[in-house]
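# Chain and residue survey
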Amino acid sequence: MRQGSLSVLFALCLLAPALQAQEPDSQPAPEPEAAPQQQRLEVAPPQDAVTRETSAQLIQLREENQRLKALLQQQQANAAAPLLNDQQQWFAVGGGVGVLGFLFGVLATRGRRRRQWLN
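Notes on the structure follow. On a predicted model such as this, the values are computed, not experimentally measured, just so you know. (Residues numbered from 1 in each chain as written. Predicted model: local features only at pLDDT ≥ 70, side-chain atom pairs only at ≥ 80, totals over all residues. Heavy atoms only, no water.)

Turning our eyes to something else, we now look at the overall build of the chain. Along the backbone of the chain there are four helices and zero strands. Secondary structure elements of the chain, listed N to C terminal, follow the sequence α-α-α-α. In the chain, buried positions account for 0% of the 119 residues. Split by element, the accessible area of the chain, about 12,400 Å² in all, is 59% carbon and sulfur. (Helix = DSSP H or I, 4+ residues; strand = E, 2+ residues; numbered from the N terminus. Buried < 20%, exposed > 50% of the residue type's maximum accessible area, 1.4 Å probe, protein only. Areas by Shrake-Rupley, 256 points an atom, 1.4 Å probe, with all protein chains shown as cover.)

Below, the structure written as structure tokens:
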């Protein structure tokens, strides 16, 4: 190790305890007791009303979910089955490419005179 990097390492080891976070010595502020509880009670709606609203929303969402599930099943039943599956489709594409290549090859050599050594 070089002398410079050794001195930097030594300095960091000496400074590390000083760089650690220190806990604050101050005590947390005391909470006021009676006044905020009254304000919370006045601001917060009654739990019974909130429960009713939540249950009404839950029922509405469940009904909508059931309706959408039925619609999805209906749409899936009405969907036409594909003519070819994935493997058959790729086989047909490959066959088409082969046929087109053969036709282009025949058309490209049609006007040329055949060489004698290719017989």
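Going through the model one piece at a time under the given rule, you end up with one salt bridge. The salt bridge partner of Asp48 is Arg52, with a shortest N-O separation of 2.3 Å. Taken together, the residues span about one helical turn, with Asp48 and Arg52 both in helix H3 (residues 47–78) at a distance of four residues. Residue Asp48 is classed as partly exposed on the basis of its relative accessible area, which comes to 46%. You can call Arg52 exposed: its relative accessible area is 53%. (Salt bridge = Lys/Arg side-chain N within 4 Å of Asp/Glu carboxyl O.)

Moving on: helix H4 (residues 86–109). For H4, spanning 24 residues, the distance from its first C-alpha to its last is 35 Å, which sits close to the expected 34 Å at 1.5 Å a residue. Capping the start of H4, Asn85 holds a side-chain oxygen 3.2 Å from the backbone nitrogen of Gln87, two or three residues further along. (Expected span 1.5 Å × (residues − 1). Polar contact = N/O pair within 3.5 Å; in protein donor to acceptor, adjacent residues only side chain to side chain.)

Time to look at a nonpolar patch on the surface. Nonpolar side chains collect at one region of the surface, where Val99, Leu100, Phe102, Leu103, Phe104, Val106 and Leu107 lie side by side and expose about 720 Å² of accessible area between them. Looking at where Leu100 falls in the secondary structure, it is placed in helix H4. (Patch = residues over 30% accessible without salt bridge, like charges linked within 9 Å, V, L, I, M, F, W, Y side chains within 5 Å.)

None of this, on its own, says anything about what the molecule does.
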